[in-house]
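Close look at the chain arrangement
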Amino acid sequence: MRHLFIVLLLFASISSHADNLNKWLRVEGLKTIKPILAKEKNVNNQVFDVNKLVLFNSHSVKSMTPTKGLHFLNIKNMPTWKEVSAKDIVSSSKKSDKKYISYYASYIEVESYSKFAIDFDLYVPTEIYVDGKLRLKSYAVAKKKAIKKTLKLNLLTGKHSIIVKTLSGKEKLFKTKVKFDNDKNYTLPRYSTSPERGMKIEDIMNGTKLSRLSISPKGDYVLISKSRFTEKTGKSERWYELMDSKTNDIIYSFRKMRISGLKWMPNTNNLSWLVNTADCQTMYKYDVVNNKISIIAKDLHNVDYYTWANNNSYFIYGHSKNYSEKNWSLRKVHGIEDRKPYFRYRTSLYKYDMNTKERSLINWGNKSLNLQDISKDSKYIIVSNSRPTYTEYPFSKQNVYIVDINSMKVDTLFKNRSYSLSCQFSPNGKELLIQAGPSAFGKKGENIKKGQMANNYDGQLYIYNLKSKKVKAITRKFNPSIGSAKWVTDNSIKITAEDTEYVYAFNYSIKAKKFSKIDVPGDVLRGFSISADGSKAAFISCTVNSPYKAYITDFTRKGTKLISFPEQETYKNVNFSKVREWNYADESGTRVTGRYYLPRNFDSNRLYPVIVYYYGGTSPVSRYFGGRYPFNLFAANGYVVYVIQPSGTTGYGQEFSARHQNNWCKITADEIIKCVKDFTAHNSFADKRRVACMGASYGGFTTEFLQTQTDIFKCAISHAGISNISEYWGNGYWGYQYSTEASGHSYPWNRKDIYVDQSALFNADKIKTPMLLLHGTADVNVPTTQSIQLYTALKLLGNDVELVFIKDSDHIVVDYKQRIKWNNTIISYFDKYLKGQENWWNDMYPTKNL
């Protein structure tokens, strides 16, 4: 172990060991207020102790970010933070017989998990905060000898604030001795008075986030959904705020209101919502312009969700009923889908007439009915149902109907469709816009090579003529994968789509038969909400180095403005590392795109460890901000992060995404290995001896399979990874269905070369790389047994392997405290193997004598 001693003396003698801590920020002379009746005794028979003024005269230290030249707490009439040296503060500039509050602040930045033992000699009432949390306190005044206190700290990688609050007049304040006790590979800390720092996990988890938004039909208002975690419960609180799109003023908050179904009423500036009581539901309307709330429907029952007709004369609502037996001890399973707890729910649709107040049932039978759209003239609805077909690929059939809502006459649009369709009416009601996969209409929508099978997760659009029954595939040669689409006017369809690693908005001109990118801010867009006439849109977007912000764009005036940025204060002092492209073309001509994140305080003359990441499922790793795998955070912890987009992902064209079919890393693993070797060979700062890889779900499968093919990785992390393809295929809730797009027409009995040869479990003897397996104990997508099986095999083989369970977690970790510990587990494991620093991992998971 390496020990470093630093002595800091404030208002006392200066130690020569304090050179790195000779700069502080100070605010002093803050008045104290003594309570009235201070000489009276309280219930504990005590008079007021003047030394407790440091406790009762308090400010929110948690919200402080001491910054040179800025006012204390950003209040204009308060003093400013001034930079002072240790020599400057030997004697107080505010000597007085009266007691006053002073604050001293400094920042310590560490490049790895660091252990501190700080011995304090205190002379006056003092409180000491680390990162805004009170860690040490003493309310006594030293008489002859100093009051000695010790504070033990374990600081994570990054910058940390130390704030000392004192109550004094003429006295000495405090002195400290700081002792570091760290791994042999520990790097000395940096000291500064600047709050500029890298990203922390708390930045991602804390504070208010933008979730989604919806613009009013007339474009005058925006309904914004926000969320934030509550540390105590570990759950996320969500609420809506109503904003004036012209002034950006919040005119109504729905926070803490027990309502559901909040939405805009078509062609108005009115909102509607439901309030549930013990015996019924009531629907309210809010006239935003006139600020008037009224009841528009009473005595409603079983409204789970609802959709307004375009003329507001009725709404369609759905109710799901559970047909499962209660308190069963043995139960026969009626087909594969009956394993799922929600399979026996059936949804019925109802119409509620606003004029007659009549409720009418729309469907009967044993299948759920889903509403897809209501025509602009409100006369027709599109509905669909589906059923499993276990002996016919791809194992389900869908029927789509148009219903005359007045006469209840039914016209069957599509019967026994093998691939599901999502339909919406054109503005004139003569055509349909259909969203589906490439194979929805046979070869008509496919753009793949001979011998390939289409990847039907690659979203496509079709226009279907209701009279001629002819269909046009409008995105067949459009590489981006469709996410959302809305037919706005006779000549305009607005969409969002994965375009390589970006998510952009596009306009499709019906007349020109051409797509054009809509020029709005952001790398990744979501919630693209369009006004009824198509003149305005509201959306949320982010970049790799900027959190999500809400915007509104006016297509007629060709202008976009920012309307909400709730995380601005959180990230104002965060310095993000540079992100650069790195693309690779192999000998076959395949171009694998990628990007890499550089560490904070990057020095091109240093060697850095590298983390490699790639897609899960079949979607590209977009340029999102934050998220479950926050690349900026990994970079802030001293890592180069290399993100690769290998074959099989959507957003690069159908031929590229079709490579996902019957591949299971046959192509992908080879591409990743070549990309990593090329990256480390051409970037002198990337240490090829310290490269790790990580992935989740299908990306976890990729991680595990890679270790059977190469030894280039120092360690590997797999979250919810698939180690045994056949067990996932049969046991995962969606295993056999996902496999229609990952291993079409291939099964354990006819393709052992996939189900056995490509499974890490059956090749475990080839794995030599240390590996961490993470898995939620309640994962029904990729069952927990997938990690258990590989862990068992590697343990029996004597390999270096760790298995960490996330209690009661499904496929994704969502609980607040678990998210933080899960994140720290990942980084501490990388620190152990890529930096040679074991302290953090050992403190999180001490070895037990079991």
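The residue numbers shown here count from 1 along each chain, following its written sequence. This being a predicted model, a pLDDT of at least 70 is required before a residue's local features are given, and a value of 80 or more before pairs of side-chain atoms are given or counted; all residues contribute to the totals for chains, interfaces and linings. In computing side-chain values, all of the structure's heavy atoms are included and hydrogens and water are not.

Quick look at unusual backbone geometry
For the bond running from Tyr393 to Pro394, omega is 5 degrees, close enough to zero to count as cis. Positioned with a positive phi, Asp131 is a non-glycine residue whose angle comes to about 55 degrees. Checked against the element boundaries, Asp131 lands in the loop between β6 (126-130) and β7 (133-138). Phi is positive for Ser697, close to 60 degrees, though the residue is something other than glycine. Helix numbering and strand numbering both begin at the N terminus, where a helix is a DSSP run of H or I of at least 4 residues and a strand a DSSP run of E of at least 2. Examined against the element boundaries, Ser697 turns out to sit in the loop between β45 (686-696) and α7 (698-706).

Things to note about the pairing of strand β19 (residues 292-300)
Any two strands are treated as partners once DSSP identifies two or more bridges connecting them. As defined by bridge partners, strand β18 (residues 281-287) adjoins β19 across six bridges and the pair is classed as antiparallel. Bridge assignment links Asp287 to a residue of β19, and that residue is Lys292. Taking the residues between adjacent antiparallel strands as the criterion, β18 and β19 are bridged by four residues, where Asn291 takes a positive phi near 55 degrees.

Some points on the nonpolar core
Among the nonpolar cores identified, the biggest contains 108 residues, and Val612, Tyr629, Phe631, Trp664 and Phe830 are the most heavily contacted of them. Looking at which element gives the most residues to this core, the answer is helix α12 (residues 816-835), with nine residues. If sequence neighbours within four positions are ignored, Trp664 has contacts with Tyr698, Phe701, Ile722, Ile725, Tyr728, Tyr738, Ala742, Ser743, Ile754 and Gln758. Side-chain atoms within 4.5 Å link the members of a nonpolar core, which is a set of buried Ala, Val, Leu, Ile, Met, Phe, Trp, Tyr and Cys residues. Burial status follows relative accessibility: with a 1.4 Å probe on protein chains alone, a residue under 20% of its type maximum counts as buried, one over 50% as exposed, and anything between as partly exposed. Val84, Tyr104, Leu136 and Leu153 belong to the second largest nonpolar core, which has 21 residues in total. In this analysis, two residues are considered to be in contact whenever any of their non-hydrogen atoms come within 4.5 Å of each other.

Examining the packing of aromatic side chains
Think of it this way: a Phe, Tyr or Trp ring, Trp meaning its six-membered ring, pairs with another when their centres are within 6.5 Å, and the plane angle makes it stacked under 30 degrees, edge-to-face over 60, tilted otherwise. Tallied over the entire structure, the rule returns 62 aromatic pairs. Arranged with centres 4.6 Å apart and planes meeting at 45 degrees, the rings of Tyr508 and Phe515 form a pair that is tilted. Across the pair, Phe515 and Tyr508 agree in class, each one buried. Look at Phe528 and Phe539: their rings are 5.7 Å apart centre to centre, the planes differ by 35 degrees, and that puts the pair in the tilted class.

Brief notes about the pattern of salt bridges
Oppositely charged side chains can pair when the atoms bearing their charge come close. Note on definitions: salt bridges are taken to be side-chain nitrogens of Lys or Arg within 4 Å of carboxyl oxygens of Asp or Glu. As enumerated under the stated definition, the model contains 30 salt bridges in all. Between Glu111 and Arg190 there is a salt bridge, with the nearest N and O atoms lying 3.0 Å from each other. Placement of the pair is Glu111 in the loop between β4 (100-110) and β5 (114-122) and Arg190 in strand β11 (residues 190-192), with a sequence separation of 79 residues. Beyond isolated ion pairs, a larger network of salt bridges with shared partners links Glu501, Asp523, Arg595 and Arg623.

Here's the deal with the pairing of strand β34 (residues 502-509)
The buried fraction of β34 amounts to eight of the eight residues, a majority that puts the element mostly inside the structure. Residues Tyr502, Tyr504, Phe506 and Tyr508 point to one face of β34 and Val503, Ala505, Asn507 and Ser509 to the other, with burial holding for every one of them. Note: β34 against strand β35 (residues 514-517), four bridges, orientation antiparallel. Residue pairing in the sheet places Phe506 in a bridge with Lys517 of β35. Hairpin connection, β34 to β35: the antiparallel pair is bridged by four residues, and Lys513 has positive phi, about 55 degrees.

Some details on helix α11 (residues 785-796)
Compared with the 16 Å implied by 1.5 Å per residue over 12 residues, the 16 Å span of α11 between its first and last C-alpha is a close match. Along α11, the positions that sit buried rather than exposed are Gln786, Ser787, Leu790, Ala793 and Leu794. Along the axis of α11, the buried positions cluster into a sector of 130 degrees, meaning they face one direction only. Multiply 1.5 Å by the residue count of a helix minus one, and that product is the helix's expected span. Relevant arc is that of directions from the helix axis to the C-beta atoms, nothing else.

What to know about the sheet that holds strand β27 (residues 410-417)
Strand order in the open sheet formed by four strands is β24-β25-β26-β27, with antiparallel pairing between adjacent strands. Edge strands, defined here as strands with exactly one partner in the open sheet, are β24 (370-374) and β27. Strand-to-strand twist across the sheet, computed as the mean angle between neighbouring axes with direction ignored, equals 20 degrees. The pairing of strand β26 (residues 396-404) with β27 spans five bridges and is classified as antiparallel. The partner of Ile402 across the bridge, within β27, is Asp411. Where helices are involved, their axes are fitted lines through C-alpha atoms of the stretch in contact, as for all axes, and angles between N-to-C directions lie from 0 to 180°.

Brief notes about a nonpolar patch on the surface
Each patch is built from residues lacking any salt bridge and having more than 30% relative accessible area; the joining distance is 9 Å for like charges and 5 Å for nonpolar side chains (Val, Leu, Ile, Met, Phe, Trp, Tyr). Note on areas: Shrake-Rupley with a 1.4 Å probe; residue coverage comes only from the protein chains shown. A grouping of Tyr342, Tyr345 and Trp734 is seen on the molecular surface, where their side chains present a nonpolar patch of about 300 Å² in accessible area. Its location among the elements puts Tyr342 in the loop between β21 (314-322) and β22 (345-353).

A few points about empty space enclosed by the protein
Space inside and on the surface of the protein is sampled on a 1 Å grid over the protein atoms alone, with a cavity defined as a set of points where a 1.4 Å probe fits but cannot get out and a pocket as an open set with protein on both sides within 12 Å along at least 5 of 7 lines; lining residues have an atom within 4 Å of a point. Grid points are joined across faces, edges and corners, and a volume is the space filled by probe spheres set on the points. The tally for this structure, following the rule as stated, stands at six cavities of 30 Å³ or more. Every residue lining the second largest cavity is listed: Glu109, Thr157, Gly158, Lys159, Arg197, Gly198, Met199, Lys200, Arg600, Ala636 and Asn637. In this classification, Asp, Glu, Lys and Arg are treated as charged, Ala, Val, Leu, Ile, Met, Phe, Trp, Tyr, Cys and Pro as nonpolar, and every other residue, Gly included, as polar. Classifying every residue of the lining of the second largest cavity gives two nonpolar, four polar and five charged.

Description of the side chain of Glu237
Here Glu237 is to be found in strand β14 (residues 236-244). Within the structure, Glu237 has its side chain in polar contact with the side chain of Arg255 (distance 2.9 Å). Any pair of N or O atoms that falls within 3.5 Å is considered a polar contact. Within protein, one atom must be able to donate a hydrogen and the other to accept it, and sequence-neighbouring residues count only if both atoms are side-chain atoms. A distance of 3.4 Å separates the side chain of Glu237 from the side chain of Lys256, its partner in a polar contact. Once residues lying within four places of it in the same chain are set aside, the contact partners of Glu237 are Lys226, Ser227, Arg228, Thr230, Arg255 and Lys256.

Section: the environment of Ser541
When you line up the elements, Ser541 lands in strand β37 (residues 536-543). A relative accessible area of 2% means that Ser541 is categorised as buried. Expressed as a C-alpha distance, the spacing of Ser541 and Tyr317, which sit 224 residues apart in the sequence, is 31 Å. With near-sequence residues (within four places) excluded, Ser541 lies in contact with Pro521, Gly522, Val524, Leu525, Pro547, Tyr548, Lys549 and Tyr551. A polar atom in the side chain of Ser541 sits 2.9 Å from the backbone oxygen of Pro521.

Quick look at the confidence of the model for the chain
Close inspection of predicted coordinates is inappropriate in any region flagged by low pLDDT. Residues at a pLDDT of 70 or more form 94% of the chain, whose mean pLDDT is 93. Across residues 1-19, confidence stays below pLDDT 50; counting only partners more than four residues off in sequence or on other chains, it has 55 contacts. Across the chain, each position has a pLDDT score giving the predictor's confidence in that residue, from 0 to 100.

Re the sheet that holds β14
Taken in spatial order, the four strands make up an open sheet running β12-β13-β14-β15, and their pairing is antiparallel. Looking at strand neighbours, the two that pair on one side only are β12 (209-215) and β15 (250-253), the edges of this open sheet. Within this sheet the neighbouring strands show an average axis-to-axis angle of 25 degrees, counted without direction. The sheet contact formed by strand β13 (residues 221-229) and β14 spans nine bridges and is antiparallel.

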